[in-house]
Amino acid sequence: MLRTQPASLDYFALTKAAKRLASTAPSSARVVRIAVLGDCATQQFATMIRILAHHAGVRAEVYDAGFDTVENEVFDAASGLYTFQPEVVILLNTVQALRGRYFAQKSDKLTFATDQLDKRIGLWDALRQHTQALIIQTNFVRPYERVFGNYDHQVPGSFSDAVQVMNRGLSEACRERKNLAILDTDDIASWFGRAAWFDEKRWVLAKSPCALDFLPHLAQGAVDIATASLGAGVKCVILDLDNTLWGGVIGDDGVDGIRLGHIDDGEAFVAFQAFLKELRNRGILLAVCSKNDHHNAVKPFREHPDMVLKEDDITVFVANWQNKAQNIETIKETLNIGYDSMVFLDDNVFERNLVRQMLPEVIVPELPEDPVDYVKYVASLNLFETASFSELDRQRAELYAVEAKREGLKHSFSNIEDYLKSLEMTIVVDRFDTFNLPRIAQLIQRSNQFNLATRRFNEAQCEAMMRDDAAFLPLHISLSDKFGDHGLISVVVLRRSKPEDGQPPRVYIDEYLMSCRVLLRGVEQYVMNEVFRWAATSGAEAVEGCFVPTSKNGMVKDFYAKFGFERLPDEDAPGAGARPERWERRVADYVQQTAFIQPLSGR
Amino acid sequence: MMPTAVLEKLTAVFRDVFDDDALLIVAATTASDIDDWDSLAHVNLVVAVEKAFGLSFTTKEISSLNNVGEFVNLIHRKMPPSRA
């Protein structure tokens, strides 16, 4: 996502920055291997990918296949593309290349769209035979060659009709496949204007996919998708109140005096709240951080008829006179999420700058002076890119709200064990199944803090492990208690080595991750018992866990030590980067852990 | 604008595009004289020149350019009379 302001997407400035990037020493940032294939020039685009990925905090190693080599690379099992072992493959297709084929087609043009569509889909499926990489496919910008004028819409098979059929077809085909995303080039081009987007001079001379000014925006779109698939993403929007959610100052103007609804610019705030409500329904948490007396701050939520957002929509409500950075810290602690997954929206430039300075990881966009432009501006930043969407997302806000009630209950027990018992927790620990695969893959993408190995298995890889029951026991874990269902909260991937030369097999914990929402409930203890039970039935003598330190998973650095594991000497691994720590515990020495959780009856 | 003034301004654009503050160009300078001046850089260069001078060259004009001198002449010719 765009952490900087749009002005920074200047093509020439970025080209220069990319050059400097090439001459600096490699950083410790996460490396992502990105292949760029296109029916247009890809070199400048690849440069933009490198620098914009760097701005997004990842180091892109880019394989640039060169002009119009898509088929050669995809259909040749020994191609440079596959040798490169990409994690992301960007397929950059242009309507400029398409039009040559369209106009050259002599026969019936009615089938042009479906033929082309089949070719694209054929390429995806061919790619999939060799790589599990995330495939990013551009769609097509609507062409300007309207030979029938507006009547184009009534002529099936006209060029503009064909492009619309293809775009629709790409979206639909993408939904049926895993790890595939559409880069909506048509949206980017129409946002800036197709008249400026199409630079025919540059197309004829150099096959540039668009005017150079827009190339960074196109590349940013691809970087947004790629980083979202790595688990980056906004989880919470923190909102100011006065002049952000309504016009005026509630403490001064009162509920009757603020501008909201059909008065002056009051409609703008209604529209902004409606947009935020859509985000909330999508699973983005909303929090309030306002300099106000609490009783004033909540008044509009309770009394104003034109408020779209209700108190229930706000997961954490902080209104006081402390500085906002401090309050955002409180919100972060309450929600247990990272600063880099928080967006702060405030009309006041002082507050924005204060938060930027104190909490540089929090995303703090400018806001336009005129509130009528709030939605247009915020939407243009594409802050809410995601790699998936499921029922779990819809429920997230409710889950967090229930959590706040649990926190309340906690205070009435002096003894944590009594508290845990009172929760009446039930758990399901099961092998991966097809029904849960999307949720499992999603949790794997999103978990950063309680994540021992941070291995971002995609859905296809999860499915492969699910089917390999000789080697893998991949577990998904769901938790409920008397307040409600937490849903799928943990994923543990166990593997056992083949018994060789009469040696007993060894059980490896390849991945262990859990949602921080259920910390300190005993889930880890319960699950570890399960791990050693499987190890024992497998005839293993020892369980080996792996911990890969990242900038975010410090909270689990002592995880294995707590369960009596002992650190093994590091293996010599080539290359730089964080070295996995290996921890071992003999099965015979394992001490059963206490957990106040029951398996769900009937399982 | 006199050709010398055009060359001066053009030098600034070249330095910016090739990210080299010491770069010197003369009328006879060609792509083979500057290491980074490949076909890709040429596209960047032409767009940067169009922006800097507020001009738009035709495709034919761009593809016929052989050296800096021809670039200067082209710019000079395309400038509106009041600014020339």
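Quick notes on the rules
Throughout, a residue's number is its position along its own chain's written sequence, starting from 1. Each chain gets a letter, beginning with A, and each ligand a number, beginning with 1, in the order they are written. pLDDT decides what is reported in this predicted model: residues at 70 or higher carry local features, side-chain atom pairs at 80 or more are listed and counted, and totals for whole chains, interfaces and linings draw on all residues regardless. Excluded from the side-chain calculations are hydrogens and water; all other atoms, namely the structure's heavy atoms, are used. Helix and strand assignments follow DSSP, with helices taken as H or I runs no shorter than four residues and strands as E runs no shorter than two, numbered in order from the N terminus. Based on C-alpha atoms, the radius of gyration is set beside the globule rule, defined as 2.2 Å times the residue count to the power 0.38. We call a residue buried when its accessible area falls under 20% of the maximum for its residue type, exposed when it is over 50%, and partly exposed in between, using a 1.4 Å probe and counting protein chains only. The criterion used for residue contact is that any of the two residues' heavy atoms lie within 4.5 Å. Reported accessibility uses the Shrake-Rupley method at a 1.4 Å probe radius. Residues are deemed covered only where the shown protein chains occlude them. Think of it this way: Lys and Arg go in the positive column, Asp and Glu in the negative one, and His and the chain ends go nowhere. Charged side chains are reduced to one point each, which is NZ for Lys, CZ for Arg, CG for Asp and CD for Glu. Each patch is built from residues lacking any salt bridge and having more than 30% relative accessible area; the joining distance is 9 Å for like charges and 5 Å for nonpolar side chains (Val, Leu, Ile, Met, Phe, Trp, Tyr). Any Lys or Arg side-chain nitrogen located within 4 Å of an Asp or Glu carboxyl oxygen qualifies as a salt bridge. When DSSP finds two or more bridges between two strands, those strands count as paired. Accessible-area loss on putting two parts together, using a 1.4 Å probe and summing over both, is the definition of buried area adopted here. Side-chain classes follow a simple rule in which Ala, Val, Leu, Ile, Met, Phe, Trp, Tyr, Cys and Pro form the nonpolar group, Asp, Glu, Lys and Arg form the charged group, and the remainder, Gly included, forms the polar group. For every residue, the pLDDT score states the predictor's confidence, bounded by 0 at the bottom and 100 at the top. Residues adjacent in sequence count toward polar contacts only when both atoms are side-chain atoms; beyond that, a polar contact is any pair of N or O atoms within 3.5 Å, and within protein one must be able to donate a hydrogen and the other to accept it. Whenever a helix is involved, its axis is fitted only over the stretch in contact; in every case the axis is a line through C-alpha atoms, and angles between N-to-C directions fall within 0 to 180 degrees. Whether two aromatic rings pair depends on their centres lying within 6.5 Å, for rings of Phe, Tyr and Trp, where Trp uses its six-membered ring; planes under 30 degrees apart make the pair stacked, over 60 edge-to-face, and the rest tilted. Start and end positions for the domains come from either an automated domain assignment or a database one.

Trainee: Can you help me understand the overall build of chain B in this one?
Mentor: Looking only at helices and strands, chain B has 4 helices and 0 strands in total. Ordering the α and β elements of chain B from the N terminus gives α-α-α-α. For chain B, whose C-alpha radius of gyration is 12 Å, the value lies close to the compact-globule estimate of 12 Å for 84 residues. Expressed along its principal axes, the backbone C-alpha trace of chain B runs to roughly 35 × 25 × 20 Å. In chain B, which comprises 84 residues, the share counted as buried stands at 42%. Counted over contacts in chain B with a minimum sequence separation of 6, partners at least 24 positions apart contribute 52%. Accessible area of chain B: about 4,400 Å², with a carbon and sulfur share of 55%. Both charge centroids of chain B, one from 7 positive and one from 12 negative side chains, sit 13 Å from each other.

Trainee: Looking at this structure, I do not really get a nonpolar patch on the surface. What am I missing?
Mentor: Together, A:Val147, A:Phe148 and A:Tyr151 make up a nonpolar patch on the protein surface, roughly 340 Å² of accessible area in all. Judged by its relative accessible area of 42%, A:Phe148 is partly exposed.

Trainee: Help me understand the pairing of strand β8 (residues 314-320) of chain A in this model?
Mentor: Put simply, side chains in a regular strand alternate between the two faces of the sheet. Residue and element names in this part refer to chain A. The element β8 is largely enclosed, with a buried count of 6 among its 7 residues. Pairing analysis gives 6 bridges linking strand β7 (residues 285-291) to β8, with the strands arranged parallel. Bridge pairing in β8 places Lys291 opposite Asn320.

Trainee: What is the right way to look at the interface of chain A and chain B in this model?
Mentor: Size of an interface: often given as the accessible area lost when the parts come together. The interface is formed by 16 residues belonging to chain A together with 19 residues belonging to chain B. Across the chain A to chain B interface the summed buried area is about 1,400 Å²; carbon plus sulfur atoms make up 56%. At the surface where chain A touches chain B, the tally comes to 5 salt bridges. Counting residues per element, the ones that place at least two in the side of chain A that touches chain B are α1 (11-23), α2 (43-55) and α10 (200-206) of chain A. Ranked by residue count, the leading element in the side of chain A that touches chain B is α1(A), at 6 residues. The class makeup of the residues in the side of chain A that touches chain B is 6 nonpolar, 4 polar and 6 charged.

Trainee: In this structure, what is going on with the confidence of the model for chain B? I would like to understand it.
Mentor: Detailed reading of the predicted coordinates is not advisable wherever pLDDT is low. Here chain B averages 90 in pLDDT, while 96% of its residues score no lower than 70. Reported for the predicted complex are a pTM of 0.72 and an ipTM of 0.86.

Trainee: Looking at this structure, I do not really get the environment of B:Val72. What am I missing?
Mentor: Residues and elements named next belong to chain B. Structurally, the position occupied by Val72 is in helix α4 (residues 68-78). You can call Val72 buried: its relative accessible area is 7%. When the C-alpha atoms of Val72 and Ala27 are compared, they prove to be 7.8 Å apart, with 45 residues separating the residues in sequence. Not counting chain neighbours up to four residues away, the residues in contact with Val72 comprise Pro3, Val6, Leu7 and Leu10.

Trainee: I keep staring at helix α21 (residues 437-446) of chain A and nothing clicks. Help me out?
Mentor: In an α-helix, one full turn covers 3.6 residues, which means residues spaced three or four apart are oriented alike. The element α21(A) is largely enclosed, with a buried count of 8 among its 10 residues. All buried positions along α21(A) are accounted for by A:Leu437, A:Arg439, A:Ile440, A:Ala441, A:Gln442, A:Leu443, A:Ile444 and A:Gln445.

Trainee: Looking at this model, I keep getting lost on α4(B). Mind explaining?
Mentor: Residue and element names in this part refer to chain B. For α4, the full list of buried residues reads Val68, Gly69, Phe71, Val72, Leu74 and Ile75. Where α4 is buried, its residues contact α1 (3-17), α2 (39-53) and α3 (59-63). The backbone nitrogen of Gly69 lies 3.1 Å from a side-chain oxygen of the residue at the head of α4, namely Asn67.

Trainee: In this structure, what is going on with the sheet that holds strand β3 (residues 88-92) of chain A? I would like to understand it.
Mentor: Strands pair in a sheet through their backbones, by hydrogen bonds, and they do so in one of two ways: parallel or antiparallel. Residue and element names in this part refer to chain A. The strand order across the open sheet formed by 5 strands is β2-β1-β3-β4-β5, and the pairing between neighbours is parallel. Strands at the two margins of the open sheet, each flanked by one partner only, are β2 (58-67) and β5 (180-183). Adjacent strand axes in the sheet meet at a mean angle of 20°, parallel and antiparallel pairs treated alike. Where β3 meets strand β4 (residues 134-138), 4 bridges bridge the pair, whose relative direction is parallel.

Trainee: Just checking my understanding: could you explain the packing of aromatic side chains for this structure?
Mentor: Aromatic rings in a pair are described by how distant their centres are and how their planes are angled relative to each other. All names here are of chain A. One pass over the structure, following the stated rule, counts 25 aromatic pairs over all chains. Taking the centre distance of 6.3 Å and the plane angle of 80° together, the rings of Phe269 and Tyr374 count as edge-to-face. Highlighted residues: Phe269 in helix α13 (residues 266-282) and Tyr374 in helix α18 (residues 374-380), separated in sequence by 105 residues. For Tyr374, a relative accessible area of 2% puts it in the buried group. Relative to Phe317, the ring of Phe301 lies with its centre 5.3 Å away and its plane at 75°, an arrangement referred to as edge-to-face. Here Phe301, found in helix α15 (residues 299-303), pairs with Phe317, found in strand β8; they are 16 residues apart in sequence, far enough to count as distant. When its relative accessible area of 5% is taken as the criterion, Phe301 is described as buried.

Trainee: Sorry, what's going on with the domain arrangement of chain A here?
Mentor: All names here are of chain A. Its domain assignment divides chain A into domain 1 (6-229), domain 2 (236-380) and domain 3 (409-599). One C-alpha centre belongs to domain 1, the other to domain 3, and the line joining them spans 39 Å. With 4 residues of domain 1 in contact, the opposing surface of domain 3 contributes 7 residues. Note on domain 1 versus domain 3: buried area summed over both sides is about 510 Å², and carbon and sulfur give 43% of it. It is Gln132, Lys178 and Ser229 in domain 1 that bury the most area against domain 3; as a group they hold 77% of the surface buried on that side.

Trainee: How should I be thinking about the side chain of A:His486 in this particular structure?
Mentor: Along the polypeptide, A:His486 turns up in strand β12 (residues 484-496). Within the local environment of A:His486, its side chain forms a polar contact with the side chain of A:Arg521, the two groups lying 3.3 Å apart.

Trainee: Can you help me understand the sheet that holds strand β13 (residues 507-514) of chain A in this one?
Mentor: Residues and elements named next belong to chain A. Strands sit in the order β15-β16-β14-β13-β12-β11-β10-β17 across an open sheet of 8 strands; the sheet is mixed. Of all strands in the sheet, those with a lone pairing partner are β15 (566-568) and β17 (597-599), marking the two edges. Averaged over all pairs of adjacent strands, the angle between strand axes in this sheet comes to 30°, irrespective of strand direction. Examined bridge by bridge, strand β10 (residues 425-431) and β17 share 3 bridges and lie parallel to one another. From the neighbouring strand, Ile427 faces β17, where its bridge partner is Pro599. Packing against the sheet, α21 makes contact with β11 (472-481), β12 and β13, and its axis sits at approximately 80° to β12.

Trainee: For this particular structure, what's the right way to read the side chain of A:Gln137?
Mentor: All names here are of chain A. Among the structural elements, Gln137 can be located in strand β4. There is a polar contact of 3.0 Å between the side chain of Gln137 and the side chain of Trp124. In this structure Gln137 touches Leu91, Asn93, Arg120, Trp124, Leu170, Ala181, Ile182 and Leu183, once residues within four positions along its chain are discounted.

Trainee: Before we go on, may I ask you to explain the pattern of salt bridges in this structure?
Mentor: Oppositely charged side chains can form a pair if their charged atoms are brought close together. All names here are of chain A. Throughout the structure, instances matching the rule amount to 35 salt bridges over all chains. Glu459 serves as the salt-bridge partner of Lys178, at 3.8 Å between the closest nitrogen and oxygen. Note that Lys178 is positioned in the loop between α7 (159-175) and β5 and Glu459 in helix α22 (residues 459-467), a separation of 281 residues in sequence. Linked through salt bridges whose partners overlap, the residues forming this network are Lys178, Glu459, Glu463 and Arg467.

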